[in-house]
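Residue-level listing of the chains:
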Amino acid sequence: MTVHFIGAGPGAADLLTVRATRLLAAAPVCLYAGTYVTADVLAHCPDGAELIDTAGLTLEEIIDALVAAHRAGHDVARLCSGDPSVYSALHEQTRRLDAAGVPWDVTPGVPAYAAAAALLGRELTVPGVTQSVVLTRTQARSTPMPATEELERFAATGSTLVLHLAITRTRELVRRLIPFYGADCPAAVVSRATQADELVLRDTLAGIADLVEAAGLRQAAVIMVGPALAGPAAGPDPIESHLYSAERCRDRT
């Protein structure tokens, strides 16, 4: 039998992929991160499925549950919030499953930053503004960051910056980012995107920490910084994508 690592998306049950819902509906055992995965998402599981909230479990306890279900002849849905490619502990879990001889696969999901950008109505890569997006976090009570991945190094590029797992340190991060982006740079925080209690905060980089603290945000939020968040100005863009340019269309004919 197979352990299916499934991206649960940002929270809305109708943002799961068709493949994800099919796998969930066929799995008699489902492990999920209760802090992030909603009841609506779990409703895709079959009646009578064993639902195991991993929020209070250690990594070894999670692996024990996955291996036990496999040995009992069950497919297992392992729901990860957002997409398994980012901050999902996929590496640690699959390494242990390989050692135990348990097969697994991965089904992608809508990542939190993409859901946040959709709520903001913003493209994160704007011609002439920035063509890169940096997904990163900061280190507090967590795994140390590599020395080459200091926040200031990323900020120096001027890319659209998306910070995960950092909402409780917003004011400190603002202080570190202002020298690179400027106090007036657009910033946004999106909490629990696509869920019933979603919250979108927009301000300048200098003002965003005040909004976060007033809202009392402590988890399940992404911080986004960069000039691309300003959105389109009136009139044509100074630089527009080559993809739809008349020159490129002529080249194809």
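Residues numbered from 1 in each chain as written. Predicted model: local features only at pLDDT ≥ 70, side-chain atom pairs only at ≥ 80, totals over all residues. Heavy atoms only, no water.

- As annotated in an unreviewed UniProt entry, the protein chain carries the name Precorrin-4 C11-methyltransferase and comes from Nakamurella multipartita.
- Within the UniProt record for the protein chain, the comment given under Pathway (unreviewed entry) is "Cofactor biosynthesis; adenosylcobalamin biosynthesis."
- For the protein chain, the Sequence similarities (unreviewed entry) comment in UniProt is given as "Belongs to the precorrin methyltransferase family." (UniProt positions renumbered as here; feature names shortened; annotations may be inferred.)

### Looking at the sheet that holds strand E9 (residues 199-204)
So, point 1. One open sheet holds the 5 strands; their spatial order is E6-E7-E10-E8-E9, and the pairing between them is mixed. Edge positions in the sheet fall to strand E6 (133-137) and E9, since each has one partner strand and no second. Taking each pair of neighbouring strands and ignoring which way they run, the sheet shows an average axis angle of 20 degrees.
So, point 2. Lying on the sheet, helix H8 (residues 208-215) is in contact with strand E8 (186-191) and E9; it crosses E9 at an angle near 150 degrees. (Pairing = 2+ DSSP bridges. Helix = DSSP H or I, 4+ residues; strand = E, 2+ residues; numbered from the N terminus. Axes fitted to C-alpha atoms, helices over the stretch in contact; angles between N-to-C directions. Contact = heavy atoms within 4.5 Å.)

### Focus on the sheet that holds strand E5 (residues 104-107)
So, point 1. Read from one edge of the open sheet, 5 strands run E3-E2-E4-E1-E5, paired in parallel fashion. Each of the sheet's edge strands pairs with one partner strand only, and the pair in question is strand E3 (50-53) and E5. On average, adjacent strands in this sheet sit at an angle of 20 degrees to one another, irrespective of strand direction.
So, point 2. Packed onto the sheet, helix H3 (residues 59-71) meets strand E1 (3-7), strand E2 (29-32), E3 and strand E4 (76-80) and runs at close to 150 degrees relative to E4.
So, point 3. Packing of helix H4 (residues 90-100) onto the sheet brings it into contact with E1, E4 and E5, and relative to E1 it is tilted by some 170 degrees.

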